[in-house]
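# Examination of the molecular architecture
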Amino acid sequence: MRKLCVILVVAVLGLSGITAAGEVVLRVATWDTAEGLHWTEVAMQRFMDEHPGIVVKLESIPQGYDDRILTSLAGGNPPDVFLWWNLPALAERGGIEPLDQYDINFDNIAPALNAWAIYNGRIYGVTKDYSCEVIWYNKKVFDKFGVPYPTDDWTWEDFRRVVIQLTHPDEMIYGTVFLEDPTYNFEEWAEMKGGTLISPDGTTFDGYLNSPETISAIKFWTDLVLVDKAAAPPDVVESMGGNYEMLASGRVAMIETGTWFEGYLKARHLDVSDFGVVLLPRPQDGERKNMMNTSFWCLASASRNKEAAIELLKWLADEGGRTQAEGGWALPTSKKVAEDLGLYEDPIKSKFIMALDSAVLKPPFLRTPLWWEAFEQYLADALDKILIGGEPVEKALNWAVEQSEKAKEG
Amino acid sequence: MRSQRLLRLRRKFWRTQLYVLLIVLSAIYLVPFFWAFTTSLKDRGAIFEYPPRLFPREFRFQNYLEAFSMYPWLTFFRNSVIITTLSVLGTLLSSPFIAFGFAVLRFPGRRALFFLVLLTMMIPYYTTLIPRYMLFKQLGWIDTFYPLFVPDFFGNAFFIFLLRQYFMGIPRSLFEAAKIDGASTLRIYWNIYFPLARPAVITVGILQFMTVWSDFIGPLIFLQSPEHYTLVLGLNAFRGVYFTYWHYLCAMALVISIPPIIFFFIGQKRIIGGITISGLK
Amino acid sequence: MNKLRRREALEGYLFILPGLLGLLIFMVGPIIATVAFSFAEYDLIQPPRFIGAKNFLRLFSDPLFAQSLKVTFTYVILSVPLSTAVALALALLLFQRVKGLAVFRTIFYIPSVLPSIVSAVLWIWLYNPQFGLINYVLKLLGIQGPRWLYDPHWVLPAFAIMGAWNVGPTMIIFLAGLENIPRVYWEAATVDGANAWHRFRYVTLPLLSPTTFFVVVTSTIGAIQTFVQPYVMGGGGVGGLGAPMNATLFSVIYLYQQGFRFFNMGYASAISWVVTTIIILLTLLNFALSRYWVHYSVE
């Protein structure tokens, strides 16, 4: 028994990586896995090649990422640099440090992306990669019903018309599917109409969620489901294998999503050229707005190797996502890199880069750290009430406003 | 004589019914295994098809090789083996011992203390996760295996309860008689009660093995370096942000499931062996 | 107390000493900490801030907490009797002298060995309203199956059925208990003219009662703490955790959400202690009632 303990202690000590003197070991955490992780590893290796004396230890946590990071933050033992997306939640509580005080070149990164890293006027993260919401369409479905492909300047009316034209219940084909994420998707459609989901200072739904503009945006979509029966509701989508599978197999003509669909096609061994990308339609009397999805590299306030960490962040900002873009895995964060790699000529990738110009600059969850607990769930519940419970849009949204006000008092 | 034959026929009838029932149930219970197996042989594109086909178009046994080569599974295996063995050892050493104390020996505060031990079972895992993390950090045990097996050397409420019930089912007269014969309590425990409780002890071993082998949260939170990861944590790596590599996941999940199944198979045969002993009066 | 008694008491304490030590080292600190958290506002990053009983007061007026209790206890009532009965039935089946017993036992145990993510995905497909096997079979029988995981009224029964199928560990606990019953009693009963049912009711059940008691108590405690299933599988509809429409908002899910998603660890700790208190009370009740139906060894 004792011998076993000794062996174990020695084994564990040996494994714990006691490094040579003088080397700084940076713990870096990411939720990347498999191919994505590979490109992150390549980037980290390039950094290490240029910075001898700093060793990057990459921790990949594909599932349970939040749990691990939060627990380690609570225990005062976070990774030095880690990937995060909801910056206000951590920034407000002092878990991550503002980065504008350090010599990091944020100008290399597209301004829209930096905007999302700002909280209370300070920048808290270096963008790692991003995706923009666009409309992916299946060319074969369009060809089958003789509908011309959409163009970037199309309107909501065009969109609705095309959706209805492409819906054929007898063949179980839908024009589109209901938007998948209340927060991300409905904010952009509301903003296109001049509305928004929550007040600019993030304190209340009242007057915003239930404003005529927002109501009309939400109603546009719920009508597509309930009245025109041309958009598949969420439970049908899920029971048909998810929106990606539906689009890939031609059960739906168009879906709104981001860059990840391309990766899905590759995994499915399908030809990307059978699909097209177009920017979101704009309303007749409004401008296009689309959401983004970003992740940032952040610096933990409790890190004990801040100098080395800042070197890494500096390097990442300068690199602008070149490594992952060269690998075709993700878009670069720097427009210059995009130009260098000729991405503006790519029919699909170029759209995402163009979409940056119409990006929503301050989504609801960046306006208040309480978005998820005091607002989002009521919006989601309200949508359920409308789609499943059959309640009128205005009534359900007013209900959400009420609930949220009550919750805030608690 | 006729009644004898009738009896035998009747018995045969029920026996056949029993077999039929068992086979039908087995089929139902094997569905997930079967599904996991066919998924593991599918082509990467086919795994996303909807509705999913039951049989893959081609049998890609090389999926197993590919999955295997993607991560250091042997290291994960070694880690899992170390942690699980130590944990099971600790549990088997401590839990019956403590259960015996609660079940057979009489001392003031017996019930209250037992309840106190049970209390640990009644607190949700996530509640104490953060303070436990801090405790282990103080001890310097983060990113080591210690948090995952050392506590088991001090008993496990669930098993202490189980074994106590078992011990209480043994007549106390046995204890008293042995005492009169001059045996020490420790000897009585080790030479009489522990062997008598063999079915329960083996059950405890099997259950703890399974629990620790497939534990996800513990390794997720308390381990950091990839070289310390366990098999289940490694399995996690097949779940990407955008989609999951189901074929690899199922392949390795099946492989990982083999040790607990073998352990169970061997162990439960030993449980049957307990019949003759408890028949002794 | 005479010398023998005192000696036995001392030995008693010595035997349970490891358990108490373990409690002291690994549980006392964390328990005190979480009790302290429940009286504080704690966002995991900044140190906790004392706010008195505000968290507990909030619990009383929180409709989601009430909902979580309702969900949890509905599930307990559905799943504990079902799982216990199924596990016992299987154990009895596998206790007969059948050829290939070992193989059958292993087969019934296998589901609990598969990593939960694998079986979760399978069940999501099985319960699929359009393409799933379960509704398909129901259709053959002429019944229109419900929307299962997407229907707030059916999602809990769906989980209960899953739980009943996953009874491998409980089954082997019953098996161990059955093994412990001396064959003599059954033989005696048969000689007295008892049939299978009588044997079950008057010999097996009473002699198995310590084990059954254990199963009922631990299943109840476990069912109240259900987390993995709803975490992995809940999510029909537009919402995330707790969907559809909070029908899968189990208490532990709710406390996890408050603590690890919304940074309200203080409130989560308060929820946790209320849940634990309920568990303690229920367990005490179980113990108190046990004298009416649990028979320990025949003295």
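On a predicted model such as this, the values are computed, not experimentally measured, just so you know. (Residues numbered from 1 in each chain as written. Chains lettered and ligands numbered in written order. Predicted model: local features only at pLDDT ≥ 70, side-chain atom pairs only at ≥ 80, totals over all residues.)

Counting its regular elements, chain C contains 13 helices and two strands. Residues classed as buried in chain C amount to 48% of the 299 residues present. Summarising the internal contacts of chain C: among those between residues at least 6 apart in sequence, 65% fall at separations of at least 24. (Helix = DSSP H or I, 4+ residues; strand = E, 2+ residues; numbered from the N terminus. Buried ≥ 20, exposed ≤ 12 C-beta atoms within 10 Å, placed from the backbone. Contact = placed C-beta atoms within 7 Å.)

Turning next to the domain arrangement of chain A. Residue and element names in this part refer to chain A. What the domain assignment reports for chain A is domain 1 (14–131 + 292–358) and domain 2 (134–290 + 370–409). Ranked by residue count, the leading element in the side of domain 1 that touches domain 2 is helix α16 (residues 349–355), at four residues. Among the residues forming the side of domain 1 that touches domain 2, the class breakdown is five nonpolar, three polar and one charged. (Domains from an automatic or database assignment. Nonpolar A, V, L, I, M, F, W, Y, C, P; charged D, E, K, R; others polar.)

All right, on to the interface of chain B and chain C then. In this assembly, 79 residues from chain B lie in contact with 73 residues from chain C. Looking at the side of chain B that touches chain C residue by residue, the classes come out as 55 nonpolar, 18 polar and six charged.

Core analysis: the largest hydrophobic core is formed by 282 residues, its most contacted members being Val81(A), Cys298(A), Leu312(A), Leu313(A), Leu162(B) and Leu163(B). Residues in contact with Leu313(A), not counting those within four places in the same chain, are Val81(A), Leu99(A), Ile104(A), Val126(A), Trp297(A) and Leu299(A). (Core = buried A, V, L, I, M, F, W, Y, C linked by C-beta atoms within 7 Å.)

All names here are of chain B. The end-to-end C-alpha separation of helix α7 (residues 157–168) is 16 Å, in line with the 16 Å expected for 12 residues at 1.5 Å each. Burial analysis of α7 places 11 of its 12 residues in the buried class, which makes it a mostly covered element. For α7, the set of buried residues is Ala157, Phe158, Phe159, Ile160, Phe161, Leu162, Leu163, Arg164, Gln165, Tyr166 and Phe167. (Expected span 1.5 Å × (residues − 1).)

Right, let's talk about the interface of chain A and chain C for a bit. With 23 residues of chain A in contact, the opposing surface of chain C contributes 23 residues. Elements that contribute at least two residues to the side of chain A that touches chain C include exactly α3 (65–74), α10 (234–239) and α18 (371–387) of chain A. Per-element tally for the side of chain A that touches chain C: the top contributor is α18(A), with seven residues. Of the residues in the side of chain A that touches chain C, the class split is 10 nonpolar, five polar and eight charged.

What follows is about the sheet that holds strand β11 (residues 275–278) of chain A. Residue and element names in this part refer to chain A. Ordered by their spatial adjacency, five strands build an open sheet running β9-β8-β10-β7-β11, and the pairing between neighbours is mixed. Across the chains shown, the open sheet's two edge strands, defined by having one partner strand only, are β9 (231–232) and β11. Of the strand pairs in this sheet, strand β7 (residues 134–138) and strand β10 (residues 252–257) are connected by four bridges, and their pairing is antiparallel. In the sheet register, Trp136 faces β10, and the bridge partner there is Ile255. (Pairing = 2+ DSSP bridges.)

In this model, chain A carries an average pLDDT of 88, and 94% of its residues clear a pLDDT of 70 or more. In the predicted structure, residues 13–19 of chain A sits below a pLDDT of 50 and forms six contacts with residues beyond four places in sequence or in another chain. (pLDDT = per-residue confidence, 0-100.)

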